[in-house]
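# Descriptive structure summary
Chain residues, written in single-letter form:
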Amino acid sequence: MLEVNHLSVGYPGRRVLEDVSLAVRPGRVLALLGPNGCGKSTLLRTLPGLLPPLGGEILLDGKPLGDYSPRQAAQKIAYLPQSRAVPSITARRMVLHGRFPYLSYPRRYRREDYEAVDRALAAAGALDLADRPLPELSGGQRQKVYLALALAQETETILMDEPTTYLDVRHQLETLALLRRLAGEGRGAAVVLHDLCLALTAADDVAVLGEGRLLALGGPKEIFQSGILARVMGVRLDRVAGPEGWRYFCELRSED
Amino acid sequence: MNSSRTFSIPTKWIVPALGALAVLSALLSLCLGAVPLDPGEVLAALLGRGGGPAARIVLYARLPRTCGCLLAGAALAAAGTIIQGVLGNPLAAPNIIGVNAGAGFCTAVCAALWPAWTAAVPFAAFLGALGGVGLVLFIGSRTGASKTTLVLAGVAVSGMFSAGIDAVLTFFPDALNGYTDFRVGGVANLSMSRVTPAFWVILAAFGLALSLAGELDVLLLGEETARSLGLPARRLRLILLALAAALAGAAVSFAGLLGFVGLIAPHIARRLAGEDSSARLLLAAALGGAALLTVCDVLARTLFAPYELPVGVVLSLLGGPFFLWLLLRQRRGRGMGRA
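Predicted, not measured: the structure shown is a model, and the values here were computed from it. The written sequence of each chain sets the order in which its residues are numbered from 1. Chain A is the first chain written and ligand 1 is the first ligand written, with later ones labelled in order. Per-residue local features of the predicted model are confined to residues with pLDDT of at least 70, and side-chain atom pairs are confined, for both listing and counting, to 80 or more; whole-chain, interface and lining totals are unaffected and use all residues.

## Details of the overall build of chain A
Inclusion rule: Starting at the N terminus, helices and strands are each numbered in turn, a helix being any DSSP run of H or I of at least four residues and a strand any DSSP run of E of at least two. We compute the radius of gyration from the C-alpha atoms alone; for a globule the expected value is 2.2 Å times N to the 0.38, where N is the number of residues. Note on burial: count the other C-beta atoms lying within 10 Å of the residue's C-beta; 20 or more is buried, 12 or fewer is exposed, in between is partly exposed, and C-beta positions come from the backbone. A pair of residues counts as a contact when their C-beta atoms, built from backbone coordinates, are within 7 Å of each other.
In terms of regular secondary structure, chain A is built from 9 helices and 12 strands. Since a compact globule built from 256 residues should have a radius of gyration of about 18 Å, the 18 Å found for chain A is in line with a globular shape. Counting only C-alpha atoms, chain A reaches 65 × 40 × 30 Å along its principal axes. The buried share among the 256 residues of chain A stands at 43%. A separation threshold of at least 6 residues defines the contact pool for chain A, and within that pool the share at least 24 residues apart is 65%.

This is the structure:
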């Protein structure tokens, strides 16, 4: 379990978020929501130690993150960044690098690594892309390959920064279904999402960020009823009962 | 695996094929010259069974020269491959980002001040190369490190070091007398005593670089992803650039300021061997660079016989147009396959 207490994140001389306490729990999907520039991505980058925290503590399975070597941490936390390079390699080779944290110097990929790669490709729905060079793939296809890269790490915790960008609606829904499946396997996920409605449907917990702090943390229903999300995003948020539970939708607030 | 490659040779045969090409070019280089020898004579001389002038030509004139070409070509090509990968910049190469000029400057200083210490030259050259790449990286990081800035900073740093070489040669006109054509790069009149120390440096640096190929692969995924996979990206980038500096510096220490092989060979290797595996790419680039430089040298001394061109001139005549072609291709946004 990845847990942060009174965490401050940002860059030297510029504090973006203060006093954030939350946890990425096994078997649960945590959605990080908030307006552009509220620090969602900065927080997500701080969680695995890619950005040094400005204050507070990060605990991985109860121990400070700093006690783990980068390699050990990478065996427990996978991170899917928002901006991704597109090297001229095949998708399978790309995903194979997800096994990097499990190898010691000099790195030689083993049979079990290749098996993990096939599993990850299949789970991300990218098995048919395995032998295609990355630059030839469309944005959505590359996204799947990156998703598979994070899955191949076979970590307990997965952090994803906008995994649904570039994806059409079916693939967005598939990605969220994948998140649910990962949670079903007992893994914990924290996801930055722009689509409030998808997030409220798919997440177990919702963290609302804004005004330089964590404004609210709770289940989707609770967050919806508190009205905080609508307020911070500056929209009207409503819901209707669908066949499989609440479905949320956003509208521009009418001038009143 | 290679459905989209322009060439149809399976990638796993590329390294052996380039190896064979390098051996072939070495044989050619040993046989051809002012006095043509047949392969039998050459082999006999190499095995120590020959005698007379043929054996002397092979052992004292052609063998050091051929070894020098193979080594310098391989080292500069490997250095170019590493630099292009680490900086994510297809236009980067040891001669463009100030590595060669830095090595050349220190070689000149070392040769001027301590002419007797030939074995120290590769290490001085390494320090110079490291200084060159360090300076360029420093300028790059201060200005935002865009791909163009790095190349421009490299041009400026190269210019400064070149001026330094000229200054040293003004005060010590004989400093580089042991080198023919230091400024464009040349391998005529090489002796084994100059090639051997560089050989050990190159062997060690290349072995280390090869052992870090997996890390280089991961570095190519971008710093953010590399670090999230547990790779200490910044430290590794420095280690790899230091190895590239050692490779390029050692080559410059005996062959002078050879340009272009460090730029062309990696690009040819990329097209032939693909970029899936940095280990394969490094091997292909090194073998291809060795073959390329050796063939250029054979051309340099046979095209206008009895006159000899410096190998650097032939290389630049071939490499210049290639670089321009690369720039034109780059403008269409296909360079190195980066989005």
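From this point, things continue past the structure.
## Remarks on the overall build of chain B
For chain B, the helix and strand inventory stands at 13 helices and 0 strands. Seen in sequence order, chain B has helices and strands lined up from the N terminus as α-α-α-α-α-α-α-α-α-α-α-α-α. Over its C-alpha trace chain B gives a radius of gyration of 20 Å, about what one expects of a compact globule, namely 20 Å for 339 residues. In terms of its C-alpha atoms, chain B occupies a principal-axis envelope of roughly 65 × 55 × 35 Å. Sorting the 339 residues of chain B into buried and exposed places 54% on the buried side. For chain B, the proportion of contacts with a sequence separation of at least 24, taken over those separated by at least 6, is 75%.

## Comments concerning the interface of chain B and chain A
Interface size is commonly expressed as the accessible surface area that is lost when the partners come together. Filter applied, for reference: All amino acids are sorted into three groups, where Ala, Val, Leu, Ile, Met, Phe, Trp, Tyr, Cys and Pro are nonpolar, Asp, Glu, Lys and Arg are charged, and the leftover types, Gly among them, are polar.
The interface is formed by 23 residues belonging to chain B together with 25 residues belonging to chain A. Broken down by secondary-structure element, the contributors of at least two residues to the side of chain B that touches chain A are α8 (213-219) and α9 (223-228) of chain B. In terms of residues, the side of chain B that touches chain A owes the most to one element, α9(B), which gives 4 residues. Residue composition of the side of chain B that touches chain A, by class: 9 nonpolar, 8 polar and 6 charged.

## As for the nonpolar core
To keep things clear, this is the line we draw: For our purposes the nonpolar core covers buried Ala, Val, Leu, Ile, Met, Phe, Trp, Tyr and Cys residues that link as a set through C-beta atoms within 7 Å. Where each domain starts and ends comes from a domain assignment, either automatic or drawn from a database.
Residues A75(B), A78(B), L247(B), A248(B) and A251(B) are the most contacted members of the largest nonpolar core, which totals 195 residues. Looking at this core element by element, the count peaks at 17 residues for helix α3 (residues 52-87) of chain B. Each of domain 1 (1-76 + 155-218) and domain 2 (85-154) of chain A gives at least three residues to this core.

## Quick look at the environment of A183(A)
Residue and element names in this part refer to chain A. Of note, A183 is situated in helix α6 (residues 169-184). Residues A183 and L217 lie 34 residues apart in sequence; the distance between their C-alpha atoms is 19 Å. The contacts of A183, once residues within four sequence positions are left out, are G27, R28, V29 and A189.

## Regarding the domain arrangement of chain A
Residues and elements named next belong to chain A. In terms of domains, chain A is made up of domain 1 (1-76 + 155-218) and domain 2 (85-154). Look at where the C-alpha atoms of domain 1 and domain 2 centre, and you get two points 22 Å apart. Counting from both sides, the interface comprises 14 residues of domain 1 and, opposite them, 12 residues of domain 2. If you list the elements that add at least two residues to the side of domain 1 that touches domain 2, you get α2 (70-74), β7 (157-161) and α6. With 4 residues, α6 is the single largest residue contributor to the side of domain 1 that touches domain 2. Here the side of domain 1 that touches domain 2 is built from residues that sort into 7 nonpolar, 4 polar and 3 charged.

## Description of helix α5 (residues 139-152) of chain A
Each α-helix turn comprises 3.6 residues. Residues three or four places apart therefore point the same way. All names here are of chain A. Our working rule: Expected helix span is computed as 1.5 Å times (number of residues minus one).
With 14 residues, α5 ought to run about 20 Å at 1.5 Å a step, and its terminal C-alpha atoms sit 20 Å apart, in line with that. In terms of burial, α5 is a largely internal element, 12 of the 14 residues being buried. Along α5, the positions that sit buried rather than exposed are Q141, R142, Q143, K144, V145, Y146, L147, A148, L149, A150, L151 and A152. Turning to α5, the residues buried within the fold contact β6 (77-80), α3 (91-96), α4 (111-123), β7 and α6.

## Considering the pairing of strand β11 (residues 235-242) of chain A
Residue and element names in this part refer to chain A. Stated formally: Being paired, for any two strands, means DSSP has found at least two bridges between them.
Sheet topology note: the β11/strand β12 (residues 245-252) ladder contains 8 bridges and is antiparallel. Looking across to β12, one finds that V235 is bridged to L252. In this antiparallel pair of consecutive strands, β11 and β12, the connection spans 2 residues.

## Re unusual backbone geometry
Residues and elements named next belong to chain A. At H6, a residue that is not glycine, the phi angle is positive and equals roughly 50°. Here H6 shows up in strand β1 (residues 2-11). Despite not being glycine, E211 has its phi angle at roughly 55°, a positive value. Following the sequence through the fold, E211 ends up in the loop between β9 (205-210) and β10 (213-218).

## Overview of the environment of C38(A)
Residue and element names in this part refer to chain A. Relative to the helices and strands, C38 is located in the loop between β3 (29-33) and α1 (40-46). Take C38: there are 22 C-beta atoms within 10 Å of it, and that puts it in the buried class. Considering only alpha carbons, one finds C38 and G210, 172 residues apart in sequence, at a separation of 5.2 Å. With sequence-adjacent residues up to four places away left out, C38 is seen in contact with L209 and G210.

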